[in-house]
Amino acid sequence: ALLQDGRVFTMGNHSEGQRSLEPDLDDVPAVSEVPDLPGLAESVAAGSHHTLVVVRGEVFAFGSDEYGQVSGRGEQSDGGGDDEEDRRRWRPQRVAGLPE
């Protein structure tokens, strides 16, 4: 949810990091503010396993990067590791490869 003041809050499933919460967290709040964004959000879009946030014209993402939807690589990713936990990006990161 994008508030009028530019803060972003999430709710629901967090298994892939799509709420910007550590995916293995057991005690999950019903609603939580997204930390670590580099400014106030202008817009938000949510997929089933990832979230996109526009801040100052740049796109930031968090959640599953299985198909490059967070990193911007656009290809199936192994995250540099051998298991699916390595594909979870729960801290917002700028999506690479988008035009300026």
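Residues numbered from 1 in each chain as written. Predicted model: local features only at pLDDT ≥ 70, side-chain atom pairs only at ≥ 80, totals over all residues. Heavy atoms only, no water.

Undergrad: Looking at this model, I keep getting lost on the pairing of strand β5 (residues 58-64). Mind explaining?
TA: Both faces of the sheet carry side chains from a regular strand, because those side chains alternate between them. For β5, the buried fraction is high: five of the seven residues fall into the buried class. Looking at chain direction, strand β4 (residues 50-55) and β5 are connected through six bridges and run antiparallel. Note on β5: the bridge partner recorded for threonine 51 is phenylalanine 62. The hairpin formed by β4 and β5 contains two residues between the paired strands, and arginine 56 there has a positive phi angle of roughly 50 degrees. (Buried < 20%, exposed > 50% of the residue type's maximum accessible area, 1.4 Å probe, protein only. Helix = DSSP H or I, 4+ residues; strand = E, 2+ residues; numbered from the N terminus. Pairing = 2+ DSSP bridges.)

Undergrad: Please clarify how unusual backbone geometry should be interpreted in this entry.
TA: Both trends apply: most residues other than glycine have a negative phi, and most peptide bonds are in trans. Of note in this structure, serine 20 is not a glycine but carries a positive phi near 60 degrees. Among the structural elements, serine 20 can be located in the loop between β1 (9-11) and β2 (31-33). What makes serine 20 buried here is its relative accessible area of 4%. One non-glycine residue with positive phi stands out, namely arginine 56, at about 50 degrees. By the secondary structure assignment, arginine 56 is in the loop between β4 and β5.

Undergrad: Got a minute to help me understand the pattern of salt bridges in this structure?
TA: Oppositely charged side chains can form a pair if their charged atoms are brought close together. On inspection of all chains with the given rule, the structure shows six salt bridges. A salt bridge links aspartate 24 to arginine 88, with the shortest nitrogen-to-oxygen separation between them at 3.4 Å. Of this pair, aspartate 24 sits in the loop between β1 and β2 while arginine 88 sits in strand β6 (residues 88-94), and the two are 64 residues apart along the sequence. The class of aspartate 24 is partly exposed, set by a relative accessible area of 42%. For aspartate 36, the salt bridge goes to arginine 91, with nearest N and O atoms at 2.9 Å. Separated by 55 residues along the polypeptide, aspartate 36 in the loop between β2 and β3 (41-46) and arginine 91 in strand β6 bring together distant segments of the chain. Salt bridges here are not isolated pairs; linked through shared partners, they connect Asp5, Arg7 and Glu33. (Salt bridge = Lys/Arg side-chain N within 4 Å of Asp/Glu carboxyl O.)

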